[in-house]
Amino acid sequence: MNRYAFALMLMFVVTMLSQVTDADDRWPQFRGQGSRGVTDETGLPTSWSQTENVAWVTDIPGLGWSSPIVWDGTVYLTTVVSATPVEEPQGGLYRGSETWLPSQSEHRWLVYAIDVESGAVKWEREVHRGAPRVGHHLKNTLASETPVTDGESVYVYFGNVGVYALNFDGTVVWERRFDAAKTRLGWGPAASPVLHDGTLFIVNDNDEESFVVALDAATGDERWRVARDEGTNWSTPYVWEHDGRTELVTTGSDLVRSYDLDGNELWTFSGMNTIAIPQPFSAHGLLYLTTGYVGDPIKPVFAIRPGASGDITLAEGERSSEFVAWYVDDAGPYHPTPLVIGDHYVTLHDRGFFTVHDAHTGVELYFTEEQIQNQEVRRRVAVGTGGFTASPWAYNGRVFMLSEEGDTYVLDAENNFRLVTTNSLDEVAMSSPAIARGSLFIRTRSNLYRLSDLSR
C-alpha cells in the first residue's frame, strides 16, 4: 500500500471514529437519537445507588420533570423555582384530587447548563418571572417539557409561557410567547418540542385552541401554523424519516395526524383512547403509536407502514390493513413511551406490569411453559411500588425501568426479560434519563446524577 492510499485509509478511520464519538457524546432530545430511548454505546453502568457508580451528583433547585439532554460536554435542563414553598410531587395512582391550583407566588423559569465532566453549573439563565397563570396535575410541573438542541442553540419550551432559543453561552437569541390556555381538568401542558432541518415543531393541544406550529430555528419566525380539532393531550410529536418522505406525526385522542413539512395533512386515523401521552417512534421500518389511559377499556397499539394517505382507520374487527401492519387493543401504556430492543416491542405500564410483543407482527410473546399454561402474560417488575411515569430505556442487552420511588429495575432482554437487579436512588423520579459520554444521567426530585461504571 502506497503512502497516499494509507493516508486516505487513515483519514477514513479517524473520520468514522469521530462520528461514533460524536454520536456517543450527544442525547439531543427527549428519548435521544431517533426518539427511541436506546443506545448502542457500550460500557454503561448496570448497577448504581446514591453512592455506587456515582461520577457526580448536582443539586437542581425548583421543580421540573423535563428530561436532561446532552450535547458534547454539557447537560441542559429546565426548572421553575418558587419564592415560597410548593407542594411536593406525588407519585402513585390517583387520589381523587389531582390538580394543584395556580400559585400566587413569584416563580422563576430557569435553564441550566451543567458541565458533563465535573457536574458544576456552567450557567443559569432566567427566561421568565412571575406568578404562574395555570395550575397543573400532581404529577406534572411547570417545567415538564424537555429541551432540544441542534448543536447551534438549545431550545426550551414552557407550554403556557413560550419558547426560547439560547446559544451555548446562555444568551437568549430569540423568544416567542404563547397565551396561556385551559387544559383538561387544569392538568397543564407537557409535550416537548422537536427539531428537523432548521425547523422547530411544537404541538400545543389544549381545551381552547389547539395548534401545531413550525418555527424557524434560527430566528423564531413562524413558518406555518395549523389549527387542530383536538382537546388537551400531552404527547410529544415525532419526525418520521423514511425512504418515501419525512413527516411530522402527532398523536391525539380524537385522531392521529401526520403532516408534511409544510403543514399539509397527509393521513389520519381514529381509534386511540381519551388521553394521549406516549410519543410515537419508529423501528424496523414501522411507526409505533399507542395510548393507554387507565380508565379506558381499550388501550391500543398501532404499527403503521410508510406511504399512507387519507383516512386509514381500521374497520371494525380488523387487525391490519394496507398501511396498518398490526394492531392490538390491550397493550397501551398511560405515561411511559414503549421501546424496541432487537425484535421486541417492550411496554412498561404505570402499575409496574410490562409486556413484550414481536415488533414485526404484534404477537404477544410467552416465555415459559408455566406462563403459557397459566396465561400469565402480564409480568410485573415489582410489587408495592407507587407507579411508573418515566419511559424505559435500553443498552447492553438490558431494559431499565425507573419507578416513581427512584428504583430502577434492570431486565435482561437476552434472557427472557428476567429481573437482574434493582438500583435505588431513594428519591421521587418521573423524568426519563439521558445517555451519553459513557454515562447515564438521571434526574430525581432535587438532583441530577451522572452514573458511570467506575470499575472500568
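Please read all numbers here as calculations on a predicted model, not as lab measurements. (Residues numbered from 1 in each chain as written. Predicted model: local features only at pLDDT ≥ 70, side-chain atom pairs only at ≥ 80, totals over all residues. Heavy atoms only, no water.)

**Concerning empty space enclosed by the protein**
Put simply, the rule reads: Grid spacing is 1 Å over the protein atoms alone, the probe is 1.4 Å, and a cavity is where that probe fits but cannot get out, while a pocket is an open set with protein on both sides within 12 Å along at least five of seven lines and lining residues have an atom within 4 Å of a point. Grid points are joined across faces, edges and corners, and a volume is the space filled by probe spheres set on the points. Residues are grouped as follows: nonpolar covers Ala, Val, Leu, Ile, Met, Phe, Trp, Tyr, Cys and Pro; charged covers Asp, Glu, Lys and Arg; every other residue, Gly included, is treated as polar.
This structure, assessed with the given rule, holds 3 cavities of 30 Å³ or more. Empty space within the largest cavity amounts to approximately 500 Å³. Residue lining of the largest cavity: 28 residues in total, with Ser 144, Ala 190, Ile 277, His 335 and Thr 389 positioned closest to the centre. By residue class, the composition of the lining of the largest cavity is 12 nonpolar, 15 polar and 1 charged.

**Notes on the pattern of salt bridges**
Short version of the rule: The salt bridge criterion pairs a side-chain nitrogen of Lys or Arg with a carboxyl oxygen of Asp or Glu, the two atoms within 4 Å. A helix here means a DSSP run of H or I that spans at least four residues, while a strand means a run of E at least two residues long, and both kinds are numbered starting from the N terminus. Buried residues are those whose accessible area, probed at 1.4 Å on protein chains only, stays under 20% of the maximum for their type, while exposed residues exceed 50% and partly exposed ones sit between those limits.
Taken as a whole and assessed by the stated rule, the structure comprises 20 salt bridges. For Glu 404, the salt bridge goes to Lys 139, with nearest N and O atoms at 2.7 Å. Taken together, the positions of Glu 404 in the loop between strand S31 (398–402) and strand S32 (407–412) and Lys 139 in the loop between strand S8 (136–137) and strand S9 (148–149) put the pair 265 residues apart, joining distant regions of the chain. Lys 139 matches Glu 404 in its accessibility class, with the two residues each being buried. Taking the shortest distance from any N to any O, the salt bridge between Asp 412 and Arg 398 comes out at 3.3 Å. One end of the pair, Asp 412, is in strand S32; the other, Arg 398, is in strand S31, with 14 residues separating them in the sequence.

**With respect to the layout of surface pockets**
Approximately 420 Å³ is the volume attributed to the largest pocket. Together, 21 residues line the largest pocket, and Gln 29, Gln 33, Gly 34, Leu 195 and Glu 241 are the ones closest to its centre. Listing elements by their share of the lining of the largest pocket, those giving two or more residues are helix H1 (3–24), S9, strand S13 (194–196) and strand S17 (238–241). In terms of residue count, the dominant contributor to the lining of the largest pocket is S17 (4 residues). Of the residues in the lining of the largest pocket, the class split is 9 nonpolar, 7 polar and 5 charged. Space inside the second largest pocket adds up to approximately 310 Å³. Considering every element that reaches the lining of the second largest pocket, the biggest residue donor is strand S4 (residues 74–82), with 3 residues. Here the lining of the second largest pocket is built from residues that sort into 11 nonpolar, 8 polar and 2 charged.

**Brief notes about the side chain of Asn 206**
Definition in use: Throughout this description, a polar contact denotes any pair of N or O atoms lying within 3.5 Å of each other; where both atoms belong to protein, one of them has to be capable of donating a hydrogen while the other can accept it, and for residues adjacent in sequence the pair is counted only when both atoms sit in side chains. Throughout, a residue-residue contact means that at least one pair of heavy atoms, one from each residue, lies within 4.5 Å.
Here Asn 206 lies in the loop between strand S14 (199–204) and strand S15 (211–216). From its side chain, Asn 206 meets the backbone nitrogen of Glu 208 in a polar contact 2.7 Å long. Not counting chain neighbours up to four residues away, the residues in contact with Asn 206 comprise Ala 181, Lys 182, Thr 183, Glu 230, Gly 231 and Thr 232.

By themselves, these figures tell us nothing about what the structure is for.
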